[in-house]
Amino acid sequence: MHSTRSRTTTLTSRSSSVLLRPAQTRPPTTSEPRPLPLSDAQRKTIYALSTPPGKSGIAVVRVSGPDALGVWQRMVRSTSDEHSRFAQTSAPEPWKLERCHLVNPHTSEPLDDALAVFFRAPRSFTTEDVLELHVHGGRAVVGAVLAALARVPGCRPAAPGEFTRRAYEGGRLDLTQVEGLRDLVEADTESQRRAALRVAGGETRAQFHALREEIVGCLALVEALIDFGEGEDIEEGVFEEARQRAQRLRDRIQSILSDNRRGEIMRAGIRLAIFGPPNVGKSSLLNFLARREAAIVTHVPGTTRDILELSLDIGGLPVLVADTAGLRETADEVEQIGIERARKAVEAADASLLVLSFPDAVSETPSGPQLEIPAELAPLITPHTFILLNKTDLLPTTTSALTQALTALPQHGCWAASLASQAGTTDFLAGLATALQDRYGLLRDSEGEDANAPLITHARHRAHLESALGFLDAFLDTHAPEDIVLGAEELRYAARAVGKISGLVDVEDVLDVIFDQFCIGK
């Protein structure tokens, strides 16, 4: 009994001591709350690598925005202690390329021995303060510089085309110049370079601006009639003069639109489809044009089943050459699919090249050599079809048959050659280049300028001009004085449609599409 009481007392005491123990209190927190990160809208200075990624001798990192000068002061250091022109608090001499040391803005660790140039707003590409850092093109160097820029307050990576978009928004470029600049960067051939340089230089902008101003001039005449009417203040015949001007504008726009899409084709590439019977040398021709073994060549008919496309430079023009399956009757299901695709490719192409075997296609007749086109190929021949008669090496060279046959062939768009022996291939390639240049290329005048340069280079231009043409037609269908207000509205719509080409009106819906196609550093 005593031991039980004693045990109970002890437990109670222990319980009491636990219950009565004072609670522990945490020390007061003295640290400040962590600052919120800046949003992209708050970080108005952008940076990006403006040269292609990868190893190179030099890489250019571009910085644009209100904090570009701050980047200079944080990261650029002088190479000479005696002339500390690049001290952290100093201002750079604008538009002058200087040698410097790049350092990490937080640790002052050296990053590279570089060149730096500062462009003061508004005399820069973006019309903002711009800093260009020319560093060595190693991946580690570029990565270290970009990582350091990421830690500078107010800086963020640029979106695709954002530098050019800021140039547009700052009034440095209009939309046609933006498109020309993108085309210049992507140009692969001489004709593309020349056309893009014209657009980027503002020639297209000037022509569309003049066109819009003429439409506005017509609108001014009609608006004057609405405001004052013909009488003492407005002379008679004003509405008729406006109609005559509108008719001339309508004819001019129609002429611009009737260019067979030369500008768009030259920019995107001429689609040239090679077609013909099996085993006549179509794949050999593709390899000849590509100067490499791009297609499989065998003596087995039907080797090519699918379409093989290559982008080539022919006479300075961009040409998308497609090698297609040989066209013939066959029970092979796979080959039938290839033949159907070949027919569709020929029909969709801008130009086509029919390849035939000279010994099979040219026959002797009482009136002389005659070119015979297989019946299954005849429906695919159009005014845009060229003809190459291959395998001239199989003709007897001891007679005058070859000379007579060549004389009897059509002189325009038809050549004879041997892809096996290379005989006649030089003349064929030169003739094909000349024919494509005559049809799609730019002609030079006596002063070396482009004499027939197309005004339309993008489908967007064509769509807006077609809209303007419709509005001008609607105006010409109006009759004064009962429809004069409606006529003025049609002219206003026409001027707005042409203005959208250069971005003179609100075109926010097309901006994202245009600039998203740029590379990051442009």
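Refer to the structure above for everything that follows.
Residues numbered from 1 in each chain as written. Predicted model: local features only at pLDDT ≥ 70, side-chain atom pairs only at ≥ 80, totals over all residues. Heavy atoms only, no water.

S.K.: Looking at this structure, how should I read the overall build of the protein chain?
M.R.: Within the protein chain one finds 17 helices and 15 strands. In the protein chain, which comprises 522 residues, the proportion classed as buried is 44%. Excluding contacts between residues fewer than 6 apart, the proportion of contacts in the protein chain whose partners are at least 24 apart in sequence is 67%. Per element, the accessible surface of the protein chain, about 28000 Å² overall, is 52% carbon and sulfur. (Helix = DSSP H or I, 4+ residues; strand = E, 2+ residues; numbered from the N terminus. Buried < 20%, exposed > 50% of the residue type's maximum accessible area, 1.4 Å probe, protein only. Contact = heavy atoms within 4.5 Å. Areas by Shrake-Rupley, 256 points an atom, 1.4 Å probe, with all protein chains shown as cover.)

S.K.: Looking at this structure, I do not really get helix H3 (residues 139-150). What am I missing?
M.R.: At 3.6 residues per turn, the α-helix brings residues three or four places apart onto the same side. Across its 12 residues, H3 extends 16 Å between first and last C-alpha, which sits within 8% of the 16 Å expected from 1.5 Å per residue. Listed in full, the buried residues belonging to H3 are Val 141, Val 142, Val 145, Ala 148 and Leu 149. Each buried residue of H3 lies within a common arc of 130° when the element is viewed along its axis, so the set occupies one face. In H3, the exposed positions angled more than 90 degrees off the buried face are occupied by Arg 139 and Ala 140. (Expected span 1.5 Å × (residues − 1). Arc of directions from axis to C-beta.)

S.K.: Where do I start with the sheet that holds strand S8 (residues 270-275) in this structure?
M.R.: Hydrogen bonding along the main chain pairs the strands of a sheet, whether they run parallel or antiparallel. Taken in spatial order, the 6 strands line up as S9-S10-S8-S11-S14-S15 in an open sheet, and their pairing is mixed. Strands at the two margins of the open sheet, each flanked by one partner only, are strand S9 (308-314) and strand S15 (414-416). Looking at each pair of strands side by side, their axes are set apart by 25° on average, direction ignored. Looking at chain direction, S9 and strand S10 (residues 317-323) are connected through 7 bridges and run antiparallel. Its bridge partner lying in S10, Ser 311 is registered against Leu 320. Sitting on the sheet, helix H14 (residues 425-440) is in contact with S8, S9, S10, strand S11 (351-357), strand S14 (385-390) and S15, with an inclination near 180° to S14. (Pairing = 2+ DSSP bridges. Axes fitted to C-alpha atoms, helices over the stretch in contact; angles between N-to-C directions.)

S.K.: Is there a simple way to explain the environment of Arg 172 in this structure?
M.R.: Within the secondary structure, Arg 172 sits in the loop between helix H4 (162-169) and helix H5 (175-186). Exposure remark for Arg 172: the relative accessible area of 36% places this residue in the partly exposed category. Each C-alpha atom, one on Arg 172 and one on Ser 124, is 8.9 Å from the other, the two residues being 48 residues apart in sequence. With residues up to four places along the chain from it excluded, the contact list for Arg 172 reads Pro 122, Arg 123, Ser 124, Phe 125, Thr 127, Ala 167 and Gln 177. Of note is the side chain of Arg 172, whose polar atom sits 2.9 Å from the backbone oxygen of Ser 124. (Polar contact = N/O pair within 3.5 Å; in protein donor to acceptor, adjacent residues only side chain to side chain.)

S.K.: I tried to follow the side chain of Asp 112 on my own but got confused; where do I start?
M.R.: By the element assignment, Asp 112 lies in strand S5 (residues 110-119). Despite its burial, Asp 112 remains without a salt bridge, the nearest opposite charge being carried by Arg 99 at 9.2 Å. Of note is the side chain of Asp 112, whose polar atom sits 2.9 Å from the side chain of His 136. Those residues within four positions of Asp 112 in sequence are excluded, and the remaining contacts are Cys 100, His 101, Leu 102, Val 135, His 136 and Val 141. (Lys, Arg positive; Asp, Glu negative; His and termini not counted. Salt bridge = Lys/Arg side-chain N within 4 Å of Asp/Glu carboxyl O.)

S.K.: Help me understand the packing of helix H8 (residues 238-257) against helix H15 (residues 459-476), please; the structure alone is not making it clear to me.
M.R.: Viewed as axis vectors pointing N to C, H8 and H15 meet at an angle of 150°, and their least axial separation amounts to 10 Å. Classified by the angle between their axes, H8 and H15 sit roughly antiparallel to one another. With respect to the hand of their crossing, H8 and H15 are arranged in left-handed fashion. Contacts between H8 and H15 pair Phe 239, Ala 242, Arg 243, Ala 246, Gln 247, Leu 249, Arg 250, Ile 253, Gln 254, Ile 256 and Leu 257 from the former with Arg 462, Leu 465, Glu 466, Ala 468, Leu 469, Leu 472, Asp 473, Phe 475 and Leu 476 from the latter. Taken together, the residues that form the contact of H8 with H15 break down as 13 nonpolar, 2 polar and 5 charged. (Parallel < 35°, antiparallel > 145°, perpendicular 65-115°, else oblique. Left-handed = near helix turned anticlockwise from the far one by under 90°. Nonpolar A, V, L, I, M, F, W, Y, C, P; charged D, E, K, R; others polar.)

S.K.: Could you clarify how one ought to interpret the side chain of Ser 418 in this entry?
M.R.: Within the element layout of this structure, Ser 418 appears in the loop between S15 and H14. A polar side-chain atom of Ser 418 sits 2.8 Å from a polar atom in the side chain of Asp 393. When near neighbours in sequence (up to four residues on either side) are disregarded, Ser 418 contacts Asn 390, Lys 391, Thr 392, Asp 393, Ala 423 and Thr 425.

S.K.: Which parts of the structure should I look at to understand the packing of aromatic side chains?
M.R.: Tallied over the entire structure, the rule returns 4 aromatic pairs. Each ring, one from Phe 471 and one from Tyr 493, has its centre 5.3 Å from the other, and the planes form 45°; the classification is tilted. Of this pair, Phe 471 sits in helix H15 while Tyr 493 sits in helix H16 (residues 484-502), placing them 22 residues apart in sequence. Under the relative-accessibility criterion, Tyr 493 is labelled partly exposed at 33%. Among the aromatic side chains, those forming a connected cluster through ring pairs are Phe 386, Trp 415 and Phe 428. Cation over ring: Arg 62 sits above Phe 163, and NZ or CZ is 5.3 Å from the ring centre. Arg 123 extends its terminal NZ or CZ atom over the ring of Trp 95, reaching a point 4.0 Å from the ring centre. (Phe/Tyr/Trp six-rings, centres within 6.5 Å; stacked < 30°, edge-to-face > 60°. Lys NZ or Arg CZ within 6 Å of the ring centre and 35° of its normal.)

S.K.: Even after reading the chapter, I still don't get the pattern of salt bridges, so can you show me in this structure?
M.R.: Where charged atoms of side chains with opposite charge meet at close range, the side chains can pair. In total, this model carries 24 salt bridges according to the counting rule given. Between Glu 179 and Arg 460 there is a salt bridge, with the nearest N and O atoms lying 2.9 Å from each other. Taken together, the residues Glu 179 in helix H5 and Arg 460 in helix H15 connect sequence positions 281 residues apart. Residue classification places Glu 179 among the buried positions, given a relative accessible area of 3%. A single salt-bridge network, built from bridges that share partners, covers Glu 128, Arg 156, Glu 162 and Arg 166.

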